[in-house]
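Take a look at the letters that make up each chain.
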Amino acid sequence: MALGADSPPCGEFRTTYRQDTRIFPSAMSANFAILGVILAVICPLVLPPYYLNLMIQIGYFGVAALGLNLLVGFSGQISLGHAAFFGFGAFTSAYLSTTTPIPVILCIPLAGVITTAVGMIVGIPAGRIKGLYLAIATLAAQFILEDFFSRAEWFTGGSSGSFAEPFTLFGMTLNTDQGYFYVVLAFLLVMYLLASNLVRSRDGRAFVAVRDHYLSAEIMGINLTKYRILAFGISAFYAGVGGALYAHYLGFVSTEGFDILQSIQFLGMIIIGGLGSIMGTLMGVTFLVLLPEVMELLASGVSGLLPGITEGISYLKEMAIGLAIVGFLIFEPEGLAHRWKLIKAYWKLYPFSY
Amino acid sequence: MNLDFLVQLLVNGAIVGTLYGVVAMCFVLIYKSTKVVNFAQGEFLLVGAWVCWALLVQFQLPFWLGFLITLAFMFVFGVLLQVVLLRPMIGEPILSVIMLTIGLSIVLRSLLAWIFGEWTKRFPEVFAAESVNILGLQVQTAYLMSLVFALLVMVGFYYFFQYSRMGLAMRATAFDQQVAASMGVSIKHVFALAWAISAMVSAMAGVVIGMVNGVSSALSFFGIKVFPAVILGGLDSIVGAVVGGLIVGLLENLAQFVDTTWLNWGNLYEIVPFYVLVIILMIKPYGLFGTKDIERI
């Protein structure tokens, strides 16, 4: 018996190209996204500052990690220097907000734009080399930029660090966790939408083509050098905006915290979340931001049994990050996004998983 | 301009450079035979040095015995790493393999820092004389020993790969895995052995450097310094690794000289190798001795 016209088909069937490139594949997913945003808006009213602080961290790291996923997951180029761009954005925004009359709300995107320029310069070798060689070139860029941070005292304040003005909007100063949460949320939403729109545009498909088979992509008329450098620029823009949000949240930027370990954490976030998945990126960021907190809870839980564990907590946190990366690579190489897809598919077809 | 200072720095550079060369050789050995870029090479030095230190200081073993046990330990460690962690990654994209070794390096470094602490610890004195006089230059005995060690390792590598059966099997595998496998070479054994040799030799280098400078997490930075050396020499060339290591060592000390004599910028020597790395990648990405990959459609 054929299904009636009024009974909806079970599962998801896309019959036109337009349907395939929509942001929200179904009305349900759109409703859930709106619900998520509404829930996030309510959060500051009910949650204590500790959780807000974590959510703000997820926000600014999330913005930066989205950029890295566009570079690594979508255009297939490895960058080991993302934390340096994040730091560059932080310093630029701090510098602009303290030395020029530009309001902070404009400093943040401006810092992103300036970081884009730096990212494109670092990306120039990408026109010539790829894969492993590119990874090593970005590793060098990480060290060179870190060295620059510690030398350029006029810009970064050297070892003493530099201050960043608090975020103000219409005469209100949003320097509490509650106020700043909305700032980060707004930036994250805009950047998230930009990223998910980018990947369904011509340029986004070009990135994927370059990643999957660069020779075929070139034969199809995609300018490899342009798209490779563009990917670096976009990823640096995201990192710069993320870094600027970080700077104005803390109000103070020091040269520490933008080291190779942070770059590795960014890569860990997108691997755990799922390479080439915009939503997965945020899952991965959430995972790696919460992991140290969970470790701390666990350590204080078992400190009665193992008395020495609280002294080693900082090492344990680092080890947990390393182990999470290794574990995901071996057992779930496609990340949390893949797991989420499986869960969704299971419920969509429940109870007949045909 | 101080000529004595320059000569002293160049001698130091040559000695440190040969050690970079040894570590770079271990890196190239893994890359050439298993196509894995080992970001945890520096941590191999660290593991070896700490194990040897623990045996010598905490268990009070004589040097030769402690050293041999360290080597045996590193052999097992290398084989286990390859079998447990790297074998599942065969055929995975390059990013996954790189991230796996990076994750491994984080775990090892923080584990060792937790067990042994952050502070530099010294090895017991092995040599009676602190320094010897060669052609008017005061050279520390430990430095001299590290030079001798590095040369011995290089000669050992040469003979192993030129004449021994296993060495030839490893070269055959690096050349073409399928052909080697069909000629009866066990690829599994070759891969495991490559990691084991690399871990053992790195550990020796770690012990030697630990004797000169003391053991601390700073040893793992050798693993990062390896990259300029191998890119300069060509990623898949053992000779290139040695030459690259030597050049990087000399260059660092030359930068130190220029810095202290004229520029006074401070810490120039730490960053110069990376600028060189970028320049080489721009003009000659396959290094001095590396094979250029040619892709056919």
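As the structure is a prediction and not an experimental result, all values here were calculated from the model.

About the thresholds
- Residues numbered from 1 in each chain as written.
- Chains lettered and ligands numbered in written order.
- Predicted model: local features only at pLDDT ≥ 70, side-chain atom pairs only at ≥ 80, totals over all residues.
- Helix = DSSP H or I, 4+ residues; strand = E, 2+ residues; numbered from the N terminus.
- Rg over C-alpha atoms; globule rule 2.2 N^0.38 Å.
- Buried ≥ 20, exposed ≤ 12 C-beta atoms within 10 Å, placed from the backbone.
- Contact = placed C-beta atoms within 7 Å.
- pLDDT = per-residue confidence, 0-100.
- Expected span 1.5 Å × (residues − 1).
- Bend = angle between axes of the 7 residues up to and from the residue.
- Nonpolar A, V, L, I, M, F, W, Y, C, P; charged D, E, K, R; others polar.
- Axes fitted to C-alpha atoms, helices over the stretch in contact; angles between N-to-C directions.
- Parallel < 35°, antiparallel > 145°, perpendicular 65-115°, else oblique.
- Left-handed = near helix turned anticlockwise from the far one by under 90°.

Caption draft 1: The arrangement of the overall build of chain B in detail. Helix and strand content of chain B: eleven helices and two strands. Taken from the N to the C terminus, the helices and strands of chain B come in the order α-α-α-α-β-β-α-α-α-α-α-α-α. Compactness check: chain B gives a C-alpha radius of gyration of 19 Å against a globular reference of 19 Å for 297 residues, within 12% of the reference. By its C-alpha atoms, chain B is 60 × 50 × 35 Å across when sized along the principal axes. Within chain B, the proportion of its 297 residues that are buried is 49%.

Caption draft 2: Up close: the overall build of chain A. Scanning chain A from N- to C-terminus turns up 15 helices and four strands. Dimensions along the principal axes, computed over C-alpha positions, put chain A at roughly 75 × 60 × 50 Å. Of all 354 residues assigned to chain A, the portion counted as buried reaches 44%. If you take every contact in chain A between residues at least 6 apart in sequence, the share linking residues at least 24 apart comes to 76%.

Caption draft 3: Examining the confidence of the model for chain A more closely. Residue and element names in this part refer to chain A. In the predicted model, chain A carries a mean pLDDT of 84, and 95% of its residues have values of at least 70. Across chain A, the element-wise mean pLDDT spans from 72 in strand 3 (residues 172-173) up to 91 in helix 11 (residues 224-250). Predicted confidence is poor over residues 1-5, with pLDDT under 50, and the contacts of this stretch with residues over four places away or in other chains come to one contact.

Caption draft 4: Representation of helix 3 (residues 49-74) of chain A within the structure. All names here are of chain A. For helix 3, built from 26 residues, the straight-helix expectation of 38 Å at 1.5 Å per residue is met to within 8% by its first-to-last C-alpha distance of 35 Å. A maximum bend of about 30° is found in helix 3 at Gly62. Looking one or two residues past helix 3, Gly76 carries a phi angle of roughly 75°, positive in sign.

Caption draft 5: Representation of the interface of chain B and chain A in the model. On the side of chain A, 32 residues touch chain B, which itself brings 30 residues to the contact. Elements with a contribution of two residues or more to the side of chain B that touches chain A: helix 4 (94-116), helix 9 (221-233) and helix 11 (268-283) of chain B. Sorting elements by how many residues they give to the side of chain B that touches chain A places helix 4 of chain B first, with 15 residues. Partitioning the side of chain B that touches chain A into residue classes produces 26 nonpolar, three polar and one charged.

Caption draft 6: Seen up close, unusual backbone geometry. All names here are of chain B. A positive phi angle, close to 60°, is found at Lys35, a residue other than glycine. Within the secondary structure, Lys35 is located in the loop between helix 1 (3-34) and helix 2 (41-58). For Lys35, a count of 15 C-beta atoms within 10 Å gives the class partly exposed. The residue Gln60 is not glycine, and still its phi comes out positive at about 55°.

Caption draft 7: Looking closely at the confidence of the model for chain B. Predicted confidence across chain B gives a mean pLDDT of 85, with 94% of residues reaching 70 or more. As scored by the predictor, the complex reaches a pTM of 0.89 and an ipTM of 0.86.

Caption draft 8: Seen up close, the packing of helix 3 (residues 63-86) of chain B against helix 8 (residues 187-213) of chain B. All names here are of chain B. One way to put it is that helix 3 packs onto helix 8 with a least axis distance of 7 Å and a crossing angle of 140°. If you check the angle between helix 3 and helix 8, you find them oblique. Seen along the crossing, helix 3 lies across helix 8 with a hand that is right-handed. Contacts from Phe67, Thr70, Leu71, Met74, Phe75, Phe77, Gly78, Val79, Leu81, Gln82 and Val83 of helix 3 reach helix 8 at Phe191, Ala192, Trp195, Ala196, Ser198, Ala199, Met200, Ala203 and Val207.

Caption draft 9: Just the packing of helix 5 (residues 104-123) of chain A against helix 11 of chain A, in detail. Residue and element names in this part refer to chain A. In the contact formed by helix 5 and helix 11, the axes pass within 6 Å of each other and the chain directions differ by 145°. When you trace helix 5 past helix 11, the crossing you get is right-handed. Here the residues of the contact of helix 5 with helix 11 are counted per class, giving 18 nonpolar, nine polar and one charged.

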